[in-house]
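What follows is each chain in one-letter form.
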Amino acid sequence: MKKQVYILGIESSCDDTSASVICNAKVLSNVVANQEIHSKYGGVVPELASRAHQQNIVPVVQQAIDQANITKENLSAIAFTRGPGLMGSLLVGTSFAKSLALGLQIPLIDVNHMQAHILSHFIEDENSKMPPFPFICLTISGGHTQIVKVTNHFEMEVLGETIDDAVGEAFDKSAKILGLPYPGGPLIDKHAKLGNPKAFPFTKPKVGDLDFSFSGLKTGILYFIQKQVRINPNFIEENLDDICASIQYTIVEILMDKLKNAVKQTGIKHIAIAGGVSANSEIRHRLQLAEKHFGWTTYVPKFEYTTDNAAMIAITGYLKYLNNDYSDVSVTAKARLKVTENS
């Protein structure tokens, strides 16, 4: 019989405190404590985020262990997010994971948050299909936009990335221009479902075949809205659904254009998406269409594994555990960490 390996994953890179227990590659619990406090500031306030992590981490970890129906003595190892992320937030998770691993005398495993987004595809689930190697992964979140070629679990190559804003920022900043509350990305998605995506054409930025740029698009949206509001002060309210649909259409077009280029250059037709923005309904829809039109096989994670969550940290920890790839207790959090950096 296969040995039961229980990994506790801890994620505290930004504003969500999360803990998850997996047994081998199956998720037994995935608890996330959201921090509501940031919405009134229109973005994440790092100092408030780290304080909230300190309050949340003990109850969240306890809940994850209880929900998994085990005791902490059953744990085989503890995996935690080392980076990238907000330094104060990362320190809370790092310190807690170190102390718990020392106390239980079990291995400590540090995880690259960006790799974890990609490796969330290897969580075993009833309906999940895992991408075969090599595959292309479009990693899209509030802080990152990258096309990554994945050769094996820990061999990755960045084929293209954003030279300025990440796609999540483009959504959130566009929402802010429209007066929508933070985080605005999901609200743009919601309104876009009711609007006409061709109502207002926005210019797509001209950058390299596989690189992204969103700052010019964001400025273009700002100037367009300012001009229209001068002509008609009620322009946003009267056209909100159409504006959101047009913004979303343009952003998703940019993402799809780059993916097509990546497939052309590599010949790889297994395409995965990862990161918070992969919850966007239009991206998911366009990937389904690409299966029919271009013969791609696409891999879309479950909603709960797209945003920052500890299940993806735990599965990465499990894969590293199988390789005996443990961390030293002297390991430190790192605010900047490339997806290609194996710690």
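Residues numbered from 1 in each chain as written. Predicted model: local features only at pLDDT ≥ 70, side-chain atom pairs only at ≥ 80, totals over all residues. Heavy atoms only, no water.

(A) Structural context of the packing of aromatic side chains. Overall, the coordinates contain 10 aromatic pairs when judged by the stated rule. Ring centres of Phe224 and Phe235 lie 5.8 Å apart, and the angle between their planes is 75°; on these two criteria the pair is classed as edge-to-face. With Phe224 in helix H6 (residues 215-231) and Phe235 in helix H7 (residues 235-266), this residue pair connects regions lying 11 residues apart in the sequence. In this structure, Phe224 and Phe235 share a single accessibility class: buried. By the ring-pair criterion, three or more aromatic residues cluster together here, those being Phe200, Phe202, Phe224 and Phe235. The ring of Tyr299 has Lys129 sitting right over it, with the charged end atom 5.0 Å from the ring centre. When the ring centre of Phe303 is taken as origin, the NZ or CZ atom of Arg284, which lies over that ring, is 4.1 Å away. (Phe/Tyr/Trp six-rings, centres within 6.5 Å; stacked < 30°, edge-to-face > 60°. Helix = DSSP H or I, 4+ residues; strand = E, 2+ residues; numbered from the N terminus. Buried < 20%, exposed > 50% of the residue type's maximum accessible area, 1.4 Å probe, protein only. Lys NZ or Arg CZ within 6 Å of the ring centre and 35° of its normal.)

(B) The arrangement of the environment of Gly168 in detail. Take Gly168: it is sitting in helix H4 (residues 167-177). Each C-alpha atom, one on Gly168 and one on Gly185, is 6.9 Å from the other, the two residues being 17 residues apart in sequence. For Gly168, the contacting residues outside a window of four places in its chain are Ser141, Gly142 and Val277. (Contact = heavy atoms within 4.5 Å.)

(C) Main features of the pairing of strand E8 (residues 155-161). Pairing analysis gives six bridges linking strand E7 (residues 145-152) to E8, with the strands arranged antiparallel. When the sheet's bridge partners are listed, Ile147 is paired in E8 with Gly160. Counted between consecutive antiparallel strands, the loop separating E7 from E8 contains two residues. (Pairing = 2+ DSSP bridges.)

(D) The environment of Ala279, seen in detail. Considering the arrangement of structural elements, one finds Ala279 in the loop between strand E9 (270-274) and helix H8 (281-294). In this structure Ala279 comes out as partly exposed when scored by relative accessible area, which is 24%. Once the C-alpha coordinates of Ala279 and Asn74 are considered, the two residues, 205 residues apart in sequence, prove to be 33 Å apart.

(E) Molecular detail of the layout of surface pockets. Quantified by volume, the second largest pocket comes out at close to 370 Å³. Contributing to the lining of the second largest pocket are 16 residues, with Asn127, Ser128, Val300, Pro301 and Lys302 lying nearest its centre. Where the lining of the second largest pocket is concerned, the elements lending two or more residues are H8 and strand E10 (297-299). The biggest single contributor to the lining of the second largest pocket is H8, with three residues. Its residues assigned to classes, the lining of the second largest pocket shows five nonpolar, six polar and five charged. (1 Å grid on protein atoms, 1.4 Å probe; cavity = no way out; pocket = protein on both sides within 12 Å on 5 of 7 lines; lining within 4 Å. Points joined across faces, edges and corners; volume = space filled by probe spheres on them. Nonpolar A, V, L, I, M, F, W, Y, C, P; charged D, E, K, R; others polar.)

(F) Summary view of the sheet that holds E7. What the five strands build is an open sheet, ordered E8-E7-E6-E9-E10; its pairing is mixed. Each edge of the open sheet carries a strand with a single partner, namely E8 and E10. Strand-to-strand twist in this sheet, taken as the mean axis angle between neighbours without regard to direction, amounts to 25°. Sheet strands in contact with H7 are strand E6 (135-140), E7, E8 and E9, and its direction is about 155° off that of E6. (Axes fitted to C-alpha atoms, helices over the stretch in contact; angles between N-to-C directions.)

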